[in-house]
Number of protein chains: 4
Amino acid sequence: MQKSDIIFSCVTYPRSAKENVIGNCGVAGREGDILDGKGYVEMTGIDPQTSKDICEIIKSKGGRYLEAQIQGSKIEADEGSLVILTAGDKSLFIDCQSCFKAMGKTAFFLGDTGYATKTNLILQLMKGIALVGLAEGLALADRCGISSKDVLNIFKLTNLNCDYLTNKADLIVKKDFKHVEQAIEHMQKDMKLTLDLSDQLKQPLLMTSTANEVYKHARRLGYDGHDASCIYMRT
Amino acid sequence: MQKSDIIFSCVTYPRSAKENVIGNCGVAGREGDILDGKGYVEMTGIDPQTSKDICEIIKSKGGRYLEAQIQGSKIEADEGSLVILTAGDKSLFIDCQSCFKAMGKTAFFLGDTGYATKTNLILQLMKGIALVGLAEGLALADRCGISSKDVLNIFKLTNLNCDYLTNKADLIVKKDFKHVEQAIEHMQKDMKLTLDLSDQLKQPLLMTSTANEVYKHARRLGYDGHDASCIYMRT
Amino acid sequence: MQKSDIIFSCVTYPRSAKENVIGNCGVAGREGDILDGKGYVEMTGIDPQTSKDICEIIKSKGGRYLEAQIQGSKIEADEGSLVILTAGDKSLFIDCQSCFKAMGKTAFFLGDTGYATKTNLILQLMKGIALVGLAEGLALADRCGISSKDVLNIFKLTNLNCDYLTNKADLIVKKDFKHVEQAIEHMQKDMKLTLDLSDQLKQPLLMTSTANEVYKHARRLGYDGHDASCIYMRT
Amino acid sequence: MQKSDIIFSCVTYPRSAKENVIGNCGVAGREGDILDGKGYVEMTGIDPQTSKDICEIIKSKGGRYLEAQIQGSKIEADEGSLVILTAGDKSLFIDCQSCFKAMGKTAFFLGDTGYATKTNLILQLMKGIALVGLAEGLALADRCGISSKDVLNIFKLTNLNCDYLTNKADLIVKKDFKHVEQAIEHMQKDMKLTLDLSDQLKQPLLMTSTANEVYKHARRLGYDGHDASCIYMRT
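Note that this is a predicted model, so its numbers are computed, not measured.

J.: Any details on the UniProt feature "domain: 3-hydroxyisobutyrate dehydrogenase-like NAD-binding" (unreviewed entry) in chain A? Residues and values, ideally.
T.: Following the UniProt record, one finds the feature "domain: 3-hydroxyisobutyrate dehydrogenase-like NAD-binding" (unreviewed entry) at residues 116-231 of chain A. This span, residues 116-231 of chain A, is 70% helix and 0% strand, and a straight line between its end C-alpha atoms measures 28 Å.

What follows is the structure, given as structure tokens:
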């Protein structure tokens, strides 16, 4: 910390992200830590409240905070086509431009802390639901004696064709769930964070809550560590 | 009927499709009707059982039957990029080639009567679920104070970007549900037919059944005749 | 039929009930069958439309029709405490009084054909949902390391205590699903008939549709012929 | 605190319950607070984790902790027929006997801290689901032109008859949702706490999550402060 001007944090869960900042060994955990204008960029997929909590701590130590949420999986990372959603300190966003350009095709600055995490969860919600729909359809096809592969070939010609669902359908056709683009526990975490957000807003999310139970069920059956598309196995 | 060699049927509901064939004025309703090799192509979005029933009648009169289900909406129709899924009598499929080419970019022959209707319902299921997910996400965005338009702009850069969802999101952003690509009652009909199919197979379809209730709710609120994306208004 | 003045029909599915009346060997299937004031009481658990169809046929042959739906299972049958819901021909209802009294504690006449079947489905919906709730709760208890038996003992002291749920909880505690009070396929049939009814009315039934998928899932896992409480095994 | 030997805490939300203990004015918030064997009984409807957190603090100050969860609403309170579920310090449970007897008909001691809160949530889950089922059925009845009152009269003769559902049905028949037995926000809180618990255990709770969305929807429509049975208005 003494030497870096900008710290990028990227762990697995909101709790760990927060502990990285608060904890005894955290960047702002010890008394007298003065961040003095240094930047802290949180890239962990987190909820708005955790992000605001981290933001407050960083700012109280004189640091600058930016939440930067990544849209895209390993495939987009390899292609350099990740989309980066940021919010918080705009000067820090500008300072990070070169880094963001190396990572993704576009970086958005969306305003006050919380807007990037919210927007990210909204997009994850859409993906999470569409994926369960894909798996449910392919499971029905299988039950009808229609091969997933044939459905996928037709699917690619329809107007629902997109990289996200095609990649997932490929994994389902091959039943290759150990090829992890996004682990099911991370997908379920995003569904849960979105539901927690909706709870505070009293916003009903029928499909998200049902999708969440489907992901939970697959995790219950022991699929942690597999790609989220493994829900196909339980539908 | 005396003059046509191939009849194309395209009405709104399975019941009407069947009545067109069975009813007093139907092609095969009167005694002594001999179809004698003539072709009957059912393009109405129907369920496998209705299709098999129609097939049986047509064949019993000496006719040839083909179920031809259309993937795509008005937009694809205008662009000539509809996908046509067929099953039944292969010789009739071949006889229809020129017609199908005029309508769409690709026509598939999938085997015995029932396979095209099933495959079509499976693809509709995926669309129907993804659409409710899109609407649920945009409703949450709105509730968070994030404009649908901003979400749509980011959405277009993600790997879930596809014509189907982008077109629907456009309608939601404009709240232009009278611009009907697919009427909500047709979408809900497809969900219902898929659920009926799954019932016979004892195949659970959690997301489809929840999506069906969402479409029903919007219909209950008086949205018949509007585009299916109008579910945004009830989420 | 020649000798009986009142026929009581009680089979398993709506389709069989209708075939009993329409089919070649059915009471009204042959030409010239004149029922001439005789009574036909349909006790099969059926949907309103099937009941109306049967009613029409019986009446067209000069017969009188009454739908009589049974609330209660084997336990209530043994205790003579079944509740009988009827609708249709009131004179036939009166003629059946002695029979109904032998079977149950109360028989209601609810009006035109359809009202008894609808009321029965509504009560089945409530039971079907409450039962999935019970099973879901007991499954969570088990997962928490709390025995079903302990929960049941406390449950009996709460204001949700009732014979229906207590009997079902007993079966779950004993995992004695071969002791069939109501077979899962009949319960799922009732959920499906209720959903079909709601579809015609565009009435959303979120919980019923989710419960239906749970029952379907258990059937898919091979539990046909077991008591409906066997859903505990899949939750 | 100086004078009381046992403190009973009963507020609305887990957060407030915890703050009562931790906060600046809380019983254990100030340094040097020595509880020295005094008892702290948490009667707020809370989740197991919050209860364990409170327990830890109380014990660290030398106090004894008991979670005591109440099954029953105002009606049972008036009748003295509440059921009290407790867990934690058994000596404190014994010391509270006279108090508990004044409040309810039975008090259970269920073991280590957490077991009473879990058991309570499990019973709440069952009630919460059964109530949505009741409302869904009565809404369907209304849509069918069958009066809620008639259904209720028949319901009372079935084996699902119980005080909980009958009381709720009474409120629905009268549309008297300002007569609050249990406010909808408390019911939804219990659903949410149960879902959070299930999330940690990866235990799918399909019906609970759907019920939770129904309660959320009613809250969204402005029904906070009304009895939970007001969900009838949104079904």
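J.: Give a description of the relation of the copies chain B and chain A that names residues and reports values.
T.: After a rotation of 180 degrees and a shift along the axis of 0.0 Å, chain B superposes on chain A with an RMSD of 0.0 Å. On the angle and the small slide along the axis, the relation comes out as a two-fold axis. For chain B, the smallest separation between a C-alpha atom and the rotation axis is recorded for Ala 130 of chain B, amounting to 2.3 Å. When the interface residues of chain B are mapped onto chain A, 100% of them again fall at the interface, so both copies present the same face.

J.: Please provide a residue-by-residue account of the interface of chain B and chain A, values included.
T.: Contacts between chain B and chain A engage 57 residues on the former and 57 residues on the latter. Carbon and sulfur atoms make up 75% of the surface buried where chain B meets chain A, a total of about 5100 Å² over both sides. Taken together, chain B and chain A are joined by zero salt bridges. Where chain B packs against chain A, one counts 18 residue pairs in polar contact (both at pLDDT 80 or more). Sorting the residues of the side of chain B that touches chain A by element identifies strand S4 (82-88), strand S5 (104-109), helix H6 (115-143), helix H7 (148-155), helix H8 (163-174), helix H9 (184-201) and helix H10 (206-220) of chain B as the ones contributing at least two each.

J.: Before we move on, could you go through the interface of chain D and chain A and cite the residues and values that matter?
T.: One frequently used descriptor of interface size is the decrease in accessible area upon assembly of the parts. Tallying the contact residues gives 20 residues for chain D and 20 residues for chain A. A buried area of about 1700 Å², summed over both sides, lies between chain D and chain A, and 52% of it is on carbon and sulfur atoms. Of all residues in chain D, the largest losses of buried area upon contact with chain A belong to Lys 202, Glu 213 and Lys 216 of chain D, amounting jointly to 34% of the total for that side. Scanning the region where chain D abuts chain A turns up four salt bridges. Among the ionic pairs, Lys 202 of chain D bridges to Asp 224 of chain A, the shortest N-O distance being 2.9 Å.

J.: Lay out the sheet that holds strand S4 (residues 82-88) of chain D with the relevant residues and their values.
T.: Residues and elements named next belong to chain D. Strand order across the open sheet formed by five strands is S1-S2-S3-S4-S5, with mixed pairing between neighbours. This sheet does not close on itself; its edge strands, each paired only once, are strand S1 (6-9) and strand S5 (104-109). If you compare each strand with its neighbour and ignore which way they point, the axes differ by 20 degrees on average. Sheet analysis places strand S2 (residues 39-42) next to strand S3 (residues 64-71), joined by four bridges and oriented parallel. What sits directly across from Val 41, in S3, is Leu 66. Most of the contacts of helix H2 (residues 48-60) go to S3, to which it runs at about 150 degrees, and overall it touches S2 and S3.

J.: Which residues make up the packing of aromatic side chains, and what are the values?
T.: Enumeration according to the criterion identifies eight aromatic pairs over all chains in this entry. Ring geometry for Phe 93 of chain A versus Phe 100 of chain A: centroids 6.2 Å apart, planes at 40 degrees, classification tilted. By relative accessible area, Phe 93 of chain A is classed as buried at 9%. On the basis of an interplanar angle of 40 degrees and a centroid distance of 5.3 Å, the ring pair of Phe 93 of chain D and Phe 109 of chain D is categorised as tilted. With Phe 93 of chain D in helix H4 (residues 90-95) and Phe 109 of chain D in strand S5, this pair connects stretches of sequence that are 16 residues apart. Here Lys 118 of chain C stacks its cationic end above the ring of Tyr 115 of chain C, 5.4 Å away from the centre of that ring.

J.: Describe the relation of the copies chain D and chain A, naming the residues involved and giving the relevant values.
T.: For the pair chain D and chain A, the best superposition has an RMSD of 0.0 Å and corresponds to a rotation of 180 degrees with a translation of 0.0 Å parallel to the axis. Interface overlap between copies is the fraction of interface residues in one copy that are interface residues in the other; for chain D against chain A it reaches 100%, indicating a shared surface.

Reading guide: rules and limits
Residues numbered from 1 in each chain as written. Chains lettered and ligands numbered in written order. Predicted model: local features only at pLDDT ≥ 70, side-chain atom pairs only at ≥ 80, totals over all residues. Heavy atoms only, no water. UniProt positions renumbered as here; feature names shortened; annotations may be inferred. Helix = DSSP H or I, 4+ residues; strand = E, 2+ residues; numbered from the N terminus. Least-squares fit on C-alpha atoms with pLDDT ≥ 70 in both. Contact = heavy atoms within 4.5 Å. Buried area = accessible area lost by both parts, 1.4 Å probe. Salt bridge = Lys/Arg side-chain N within 4 Å of Asp/Glu carboxyl O. Polar contact = N/O pair within 3.5 Å; in protein donor to acceptor, adjacent residues only side chain to side chain. Pairing = 2+ DSSP bridges. Axes fitted to C-alpha atoms, helices over the stretch in contact; angles between N-to-C directions. Phe/Tyr/Trp six-rings, centres within 6.5 Å; stacked < 30°, edge-to-face > 60°. Buried < 20%, exposed > 50% of the residue type's maximum accessible area, 1.4 Å probe, protein only. Lys NZ or Arg CZ within 6 Å of the ring centre and 35° of its normal.

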